[in-house]
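# A closer look at the structure
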Amino acid sequence: MKLWGGRFEKKTDGLVDDFHSSITFDKRLYHQDIAGSIAHATMLGEQGIIPKADADAIVAGLRAIEQDIDAGHVQFELDAEDIHMNVEKLLIERIGDAGKRLHTGRSRNDQVALDCRMYVKDASKEASGLMAELCHTLLTIAKANTATIMPGYTHLQRAQPITLAHHMMAYFQMFSRDMQRMKEVYAHADVMPLGSGALAGTTYPLNRERVAELLGFSAISMNSLDGVSDRDFVCDYLYAASACMMHLSRFCEELILWNTHEFRFVEMDDAFATGSSIMPQKKNPDVAELIRGKTGRVFGDLTGLLTTLKGLPLAYNKDMQEDKEALFDARDTLVKSLVVFNGMLSTCTFRSENMARGAEGGFTNATDAADYLVKKGMPFRDAHAVIGHLVLHCIKENKAILDLSLDELKTFSELFDEDVFEACSMHACVTLRDVPGGPAPNRVKDAIEAGEKWLDAFSI
Ligand code: ARG
């Protein structure tokens, strides 16, 4: 008989068992479920709600079950629906009547909310740890490349020269925000809901704070209806995961471009690239493409859960069981993506000579040429027009600005002088962008140092 079978006269249709059971996926919550039950039983014993000896038997029984699941000795039953009832059923089979007292003052509704909160706490910590590893890789590449000049782009058109270090540190900023977001996810999940019961609390004198303390939660939930119906913390995780995937995806897009024969800014390691079954010459950036592709799944997980929740009346509804597959899928995708991306990035070879050539070839010093004239007294708008004409001339002649002689330059403005060649060199263009947050090597070194400090101090 089902644990809830008392008021039923018929067996559940097999179709229903198959349709509504969640054990096939929520079995991954067994650590959380057992830890939650151990804390609940301990508190019930301490409060005298159940006999102390029964509480002890429950705790010992649950520990043994956990070991057996760890060892792969437990066969879960579809008929027992979910992880909560599978564990409870096993406990009752093993220790008898004492096991029947475990669910006193508790509902699966607050139990599943607890398990999910514990899972999200672990998952947010895990994600921020992997993001930190990626940030270390970025710092390593940045440190070695504060003088590696490359073109910076807008509209995917060469715009102004920057350095590879500056580019990497932009991603450092993005992933450090993702870490911060995961820290906030942790804080939102860190609220203990047991005691909410099915929806309206319980008549037993539970010590909710004690359960929170035993499980390492920093607060208890403040409303029993909200305690069982809140899945904001899952959405928070899914959003934080989505933001990180979006960042990874943008980075992948750049690496895919940089890895093309047309750019040749980067060479992916053979161990992180794949071949073609027909074209012998191919070395494809499949890993980067797949991360870019998988980003869609994680966005889908977020959109799916928000849509599931939007029409739900208070309090618990079975629809909410749909939170778990989205959460697990997003967690698995994010973790795998972060790990493989870090492996790919840390083994990339950057082709600094091609980057430098790219920076020199695309009129990336045109703004600096205009600024040169401004410093000699010309209003910026006039300087912009002069350099515009100059660039047009160079395009027709197939030349760079600094390929022209001083005499040729003077035909565009009398203000040009011998010092223009130094002032508009790639080196000067980068070094003179000496504002906080700018690409000048000393500023990027400051950013690297600040990033290292921030990373060392970060903790959840
Ligand atoms: N498997 C269920 C879920 O994941 C557990 C809660 C079931 N509660 C209920 N009243 N049927 O949401």
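What comes next is a walk through the structure. (Residues numbered from 1 in each chain as written. Predicted model: local features only at pLDDT ≥ 70, side-chain atom pairs only at ≥ 80, totals over all residues. Heavy atoms only, no water.)

### Description of the site of the ligand
Taken together, S22, D26, D82, H84, R108, N109, V112, Y316, Q321 and K324 form the complete shell of residues around the ligand. Notes on the ligand: free accessible area 340 Å², of which the protein chains cover 86%. When residues of the shell around the ligand are assigned to their parent elements, the largest contribution, 3 residues, is made by helix α6 (residues 108-144). Residue classes in the shell around the ligand are distributed as 2 nonpolar, 4 polar and 4 charged. (Near = heavy atom within 4 Å. Areas by Shrake-Rupley, 256 points an atom, 1.4 Å probe, with all protein chains shown as cover. Helix = DSSP H or I, 4+ residues; strand = E, 2+ residues; numbered from the N terminus. Nonpolar A, V, L, I, M, F, W, Y, C, P; charged D, E, K, R; others polar.)

### Notes on the pairing of strand β2 (residues 157-163)
Where strand β1 (residues 149-154) meets β2, 6 bridges bridge the pair, whose relative direction is antiparallel. Bridging from a neighbouring strand, P151 pairs with P161 of β2. Count of turn residues in the β1/β2 antiparallel hairpin: 2 residues, of which H155 carries a positive phi of about 55°. (Pairing = 2+ DSSP bridges.)

### So, the pattern of salt bridges
Evaluated as defined, the whole model comprises 28 salt bridges. Close ionic contact of D56 with K52 constitutes a salt bridge, the shortest N to O distance being 3.2 Å. Residue D56 and its partner K52 are located together in helix α4 (residues 52-70), separated by 4 residues, close to a single helical turn. Accessibility expressed as a relative area gives 42% for D56, which makes it partly exposed. Between R297 and D329 there is a salt bridge, with its nearest N and O atoms 2.4 Å apart. Here the residue R297 occupies a position in helix α11 (residues 286-310), and D329 occupies one in helix α12 (residues 323-346), the gap between them amounting to 32 residues. We classify R297 as partly exposed; its relative accessible area is 42%. Where salt bridges share partners, they join R28, E126, R331 and D332 into one cluster. (Salt bridge = Lys/Arg side-chain N within 4 Å of Asp/Glu carboxyl O. Buried < 20%, exposed > 50% of the residue type's maximum accessible area, 1.4 Å probe, protein only.)

### Notes on helix α19 (residues 441-457)
An α-helix turns once per 3.6 residues; consequently, residues spaced three or four apart project the same way. Taking 1.5 Å per residue as the helical rise, α19 with its 17 residues ought to reach 24 Å, and the 24 Å between its terminal C-alpha atoms agrees with that figure. For α19, the full list of buried residues reads P441, V444, I448, G451 and L455. Viewed along the axis of α19, the buried residues span an arc of 75°, placing them on a single side of the element. Away from its buried face, by an angle of more than 90 degrees, α19 presents the exposed residues K453, D456 and A457. Packed against the buried residues of α19 are α6, β2, α7 (164-189) and α18 (426-431). (Expected span 1.5 Å × (residues − 1). Arc of directions from axis to C-beta. Contact = heavy atoms within 4.5 Å.)

### Things to note about the state of the cysteines
As used here, a disulfide is simply a covalent bond connecting the sulfur atoms of two cysteines. The full count for this structure, using the stated rule, is 0 disulfides. Counting only cysteine sulfurs, C116 is the nearest neighbor of C235, a cysteine outside any disulfide, at a range of 12 Å. C235 sits in the buried class, given a relative accessible area of 9%. (Disulfide = S-S within 2.5 Å.)

### Comments concerning unusual backbone geometry
With an omega of 0°, the peptide bond running from L314 to A315 counts as cis. Structurally, A315 is set in the loop between α11 and α12. For E81, which is not a glycine, the phi torsion comes out positive at approximately 70°. The exposure class assigned to E81 is buried, which follows from its relative accessible area of 2%.

### Thoughts on the packing of aromatic side chains
In total, this model carries 10 aromatic pairs according to the counting rule given. Arranged with centres 5.0 Å apart and planes meeting at 55°, the rings of W4 and F8 form a pair that is tilted. A relative accessible area of 27% places W4 in the partly exposed class. Classification of F8 as partly exposed rests on a relative accessible area of 46%. Both rings, one in Y153 and one in F263, keep their centres 6.0 Å apart while their planes meet at 50°; by these two values the pair is tilted. Placement of the pair is Y153 in strand β1 and F263 in the loop between α10 (232-258) and β5 (266-267), with a sequence separation of 110 residues. Cluster of aromatic residues (ring-pair linked, three or more members): Y153, W258, F263 and F265. (Phe/Tyr/Trp six-rings, centres within 6.5 Å; stacked < 30°, edge-to-face > 60°.)

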